[in-house]
Amino acid sequence: HRGLLDCVGDLHRLYRAKPAFWKHGQWGYQPISDDANNNMVAFHRLDFEGGRLALFFNFSPIGYKEYDFPLPDVSQDQELFWIKGAREIFNSDGVQYGGTGTFQNRWAYIVRNEQGIPTHFRIAIPPFSVVVFEEVWE
């Protein structure tokens, strides 16, 4: 029970600390990818003041040490071109919550094409989990 209590408490503190979660309601939502075959979904939450979060959900019992989430085309989201990286700020698989701790990320790896344009987020994602990243800009 302690792990669940700590998880909910950390989620509450994260929600309050990051206005991107709540500041602009539906207008702060931007899809990243939806992989129904693998029960994965990812989206951005924006605060329109430079704060941007990337949330990744795995609704399957299979975890991945490396999973590529395709990014939208840069023409649909020009801010992607300037992304330098993304730092993990929450992972529901943390040992402090009773998880395994084996699917942790310090940073998301940003896969780029030959022109340097970001095409994918590559992260470790645990089974039945949510992982949240805060994006870092150049």
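Computed from a prediction, not measured in an experiment: that's the story for all the values here.

> What is the right way to look at the pattern of salt bridges in this model?
Applying the stated rule across the entire model yields seven salt bridges. Asp-6 is paired through a salt bridge with Arg-2; the nearest N and O atoms lie 2.9 Å apart. In this pair, Asp-6 and Arg-2 both sit in helix H1 (residues 2-17), four residues apart, roughly one turn of the helix. Residue classification places Arg-2 among the exposed positions, given a relative accessible area of 57%. Of the charged contacts, one joins Glu-135 and Arg-52 as a salt bridge, the two residues approaching to 2.6 Å between their closest N and O atoms.

> Please explain the sheet that holds strand E2 (residues 40-46) as it appears in this structure.
In a beta sheet, neighbouring strands pair by backbone hydrogen bonds and run either parallel or antiparallel. Strands sit in the order E1-E2-E3-E8-E5-E6-E7-E4 across an open sheet of eight strands; the sheet is antiparallel. In this open sheet, the two strands that pair with only one neighbour each are strand E1 (29-35) and strand E4 (64-70). On average, each strand axis in the sheet is inclined to that of its neighbour by 25 degrees, with strand direction left out of account. Relative to strand E8 (residues 129-137), strand E3 (residues 52-58) runs antiparallel, the two sharing six bridges. Looking across to E8, one finds that Ala-54 is bridged to Phe-133.

> Whenever I open this one, the environment of Trp-22 confuses me. Can you help?
Assignment of secondary structure puts Trp-22 in the loop between H1 and E1. Separated by twelve residues in sequence, Trp-22 and Asp-10 place their C-alpha atoms 16 Å apart. Aside from chain neighbours lying at most four places away, what touches Trp-22 is Tyr-15, Arg-16 and Arg-45.

How each quantity is defined
Residues numbered from 1 in each chain as written. Predicted model: local features only at pLDDT ≥ 70, side-chain atom pairs only at ≥ 80, totals over all residues. Heavy atoms only, no water. Salt bridge = Lys/Arg side-chain N within 4 Å of Asp/Glu carboxyl O. Helix = DSSP H or I, 4+ residues; strand = E, 2+ residues; numbered from the N terminus. Buried < 20%, exposed > 50% of the residue type's maximum accessible area, 1.4 Å probe, protein only. Pairing = 2+ DSSP bridges. Axes fitted to C-alpha atoms, helices over the stretch in contact; angles between N-to-C directions. Contact = heavy atoms within 4.5 Å.

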